[in-house]
Amino acid sequence: MAASDSLRLAALPLRTLAFGSVGATLTFVGAMAGDSVYILKVDNTTNQDLIGSLFGTQDEFLLPSLSGMIIDVTANKTNNAQGLFLPANVRFAVRHQGVAPASGTVGVTYLVGDNR
């Protein structure tokens, strides 16, 4: 396969949410991806455990304080020629669990395929 026939992995600009903006209800971390996402990286540098959500509609992930999470859907083989990916409208959201963080940020990086 020629290089022009393949996709390269490209990171979209980092989305962040400062500790003071993390509320008791799910709050989006920046803009939606806008492209199909192959890898999602989330870092919680706050001093509190948080809850995360892929679309801001339900609690889905525990994000311990001072930790990170990577969802790499490209690691899974599929029978679909397009492969597995998160849809372009993915927009990660977080909330605290009763105690608001007093320091740190939440960072979200979407890695997408780019055929430029």
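As a reminder, the structure under discussion sits directly above these lines.
Quick summary incoming for the structure in this document.

1. Observations concerning the packing of aromatic side chains
The geometry of an aromatic ring pair is captured by the separation of the ring centres together with the interplanar angle, meaning the angle of the planes. All told, the structure shown has two aromatic pairs when counted by the stated rule. Between F61 and F92, the aromatic rings sit 6.3 Å apart at their centres with planes inclined by 25°, giving stacked as the arrangement. You can see F61 sitting in strand β6 (residues 61-63) and its partner F92 sitting in the loop between β7 (67-72) and β8 (93-96), a full 31 residues away along the chain. The side chain of R91 reaches across the aromatic face of F28, ending 4.2 Å from its centre.

2. Here's the deal with the side chain of S53
Tracing the backbone shows S53 in strand β5 (residues 50-53). Overall, S53 belongs to the buried group, its relative accessible area being 0%. At 2.9 Å, the side chain of S53 and the backbone nitrogen of G56 are in polar contact. Not counting the four nearest positions on each side in its chain, S53 is found in contact with L26, Q58, E60, F61, R91, F92 and A93.

3. Concerning the nonpolar core
The biggest cluster of nonpolar side chains holds 22 residues, and the ones touching the most others in it are V37, L40, V42, F92, V94, V106 and Y110. Elements that contribute at least two residues to this core include exactly β4 (37-44), β7 and β9 (105-114). For this core, the leading source of residues is β9, giving four residues. With residues up to four places along the chain from it excluded, the contact list for V42 reads L63, S67, G68, M69, F92, V106, G107 and V108.

4. Remarks on the environment of L111
When you line up the elements, L111 lands in strand β9. In this structure, the C-alpha to C-alpha distance between L111 and Y38, residues 73 residues apart in sequence, is 5.9 Å. The contacts of L111, once residues within four sequence positions are left out, are L9, A10, A11, S36, V37, Y38 and I39.

5. Some words on the pairing of β5
Of the two faces of β5, the one lined by L50 and G52 and the one lined by I51 and S53 are each fully buried. Both β5 and β6 contribute to a ladder of three bridges, which runs antiparallel. Within β6, the position partnered with G52 by the bridge is F61. Sheet topology places β5 next to β8; four bridges connect them, and they run antiparallel. Bridging across to β8, S53 finds its partner in A93.

Reading the values: the criteria
Residues numbered from 1 in each chain as written. Predicted model: local features only at pLDDT ≥ 70, side-chain atom pairs only at ≥ 80, totals over all residues. Heavy atoms only, no water. Phe/Tyr/Trp six-rings, centres within 6.5 Å; stacked < 30°, edge-to-face > 60°. Helix = DSSP H or I, 4+ residues; strand = E, 2+ residues; numbered from the N terminus. Lys NZ or Arg CZ within 6 Å of the ring centre and 35° of its normal. Buried < 20%, exposed > 50% of the residue type's maximum accessible area, 1.4 Å probe, protein only. Polar contact = N/O pair within 3.5 Å; in protein donor to acceptor, adjacent residues only side chain to side chain. Contact = heavy atoms within 4.5 Å. Core = buried A, V, L, I, M, F, W, Y, C linked by side-chain atoms within 4.5 Å. Pairing = 2+ DSSP bridges.

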